Amino acid sequence: MSAIAIVMNLLLAGLLVAALTLGLRLNRRLKALRDSQDGFATAVAELNAAAARAEQGLADLRAATDEATDELADRIEKGRALAAKLERLVAQAPEQVRAAPEPDRDAERRLGALLAAARDARARPERLVRPEPRVASRPASPDDDLFEDAPLTLDSFGGRR
């Protein structure tokens, strides 16, 4: 009986060692699975944060686009009003003001001489004197109103008022 008890104890010890080995392997795999699950949860949280930032950016872009569209529509309306006003003024202008003047031959000769001088100066760049670049007092901004000119009158076209 003692031989059977020893063999049974050894068999039980072998089964216990096998169960411990399998348990350790299973524990390592479960730890790797928990780590990957934590990494996945972190990645999902980062994606959610990125999606929230993207949604906010789109909302800001929509708001800016709507504002720009409204401003553009206002400027188009002002331009149409100015064009209609110009058409009315042109229609009211006397016929001699609307008629195109005959070409001035003397002015054409002066323009030809000026162009010839410009070509001559371009051919000899060492004789050119370059002006100092002007520095603007402030840069133009998109908020500057394009329609702040003085109103047009018939006097601006050389007619009588």
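Residues numbered from 1 in each chain as written. Predicted model: local features only at pLDDT ≥ 70, side-chain atom pairs only at ≥ 80, totals over all residues. Heavy atoms only, no water.

Enquirer: Could you give an account of the overall build of the chain, naming the residues involved and the relevant values?
Expert: Counting secondary structure elements, the chain contains 3 helices and 0 strands. Along the chain, helices (α) and strands (β) appear in the sequence α-α-α when read from the amino end. Here the chain, with 161 residues, has 3% of them falling under the buried criterion. Across the chain, the fraction of contacts at a sequence separation of at least 24, relative to all contacts at a separation of at least 6, is 72%. Here the chain has roughly 14,700 Å² of accessible surface; of this, 61% comes from carbon and sulfur atoms. (Helix = DSSP H or I, 4+ residues; strand = E, 2+ residues; numbered from the N terminus. Buried < 20%, exposed > 50% of the residue type's maximum accessible area, 1.4 Å probe, protein only. Contact = heavy atoms within 4.5 Å. Areas by Shrake-Rupley, 256 points an atom, 1.4 Å probe, with all protein chains shown as cover.)

Enquirer: Got a sec to walk through the confidence of the model for the chain? Specific residues and values, please.
Expert: Averaged over every residue, the pLDDT of the chain is 80; residues scoring 70 or more account for 71%. Averaged pLDDT values for the elements of the chain fall to 60 in helix 2 (residues 95–98) and rise to 93 in helix 1 (residues 2–92). (pLDDT = per-residue confidence, 0-100.)

Enquirer: So what's going on with a nonpolar patch on the surface? Which residues, and what values?
Expert: A surface patch of nonpolar side chains, about 520 Å² in accessible area, is lined by Ile4, Met8, Leu11, Leu12 and Leu15. Secondary-structure assignment places Met8 in helix 1. (Patch = residues over 30% accessible without salt bridge, like charges linked within 9 Å, V, L, I, M, F, W, Y side chains within 5 Å. Salt bridge = Lys/Arg side-chain N within 4 Å of Asp/Glu carboxyl O.)

Enquirer: How would you summarise a negative patch on the surface if you had to cite specific residues and measurements?
Expert: A cluster of like negative charges, contributed by Asp66, Glu67, Asp70, Asp74 and Glu77, occupies part of the molecular surface. Turning to its location among the elements, Glu77 is positioned in helix 1. Glu77 sits in the partly exposed class, given a relative accessible area of 48%. (Lys, Arg positive; Asp, Glu negative; His and termini not counted. Charge placed at Lys NZ, Arg CZ, Asp CG, Glu CD.)

Enquirer: Residue-level account of the pattern of salt bridges, with values.
Expert: Under the defined criterion, the tally for this structure stands at 3 salt bridges. The shortest N-O distance in the salt bridge between Arg75 and Glu71 comes to 3.4 Å. Within this pair, Arg75 and its partner Glu71 are both found in helix 1, separated by 4 residues, close to a single helical turn. What makes Arg75 buried here is its relative accessible area of 18%. Asp106 serves as the salt-bridge partner of Arg109, at 3.2 Å between the closest nitrogen and oxygen. Linking Arg109 with Asp106, this pair stays in helix 3 (residues 105–123), spanning 3 residues, or about one helical turn.

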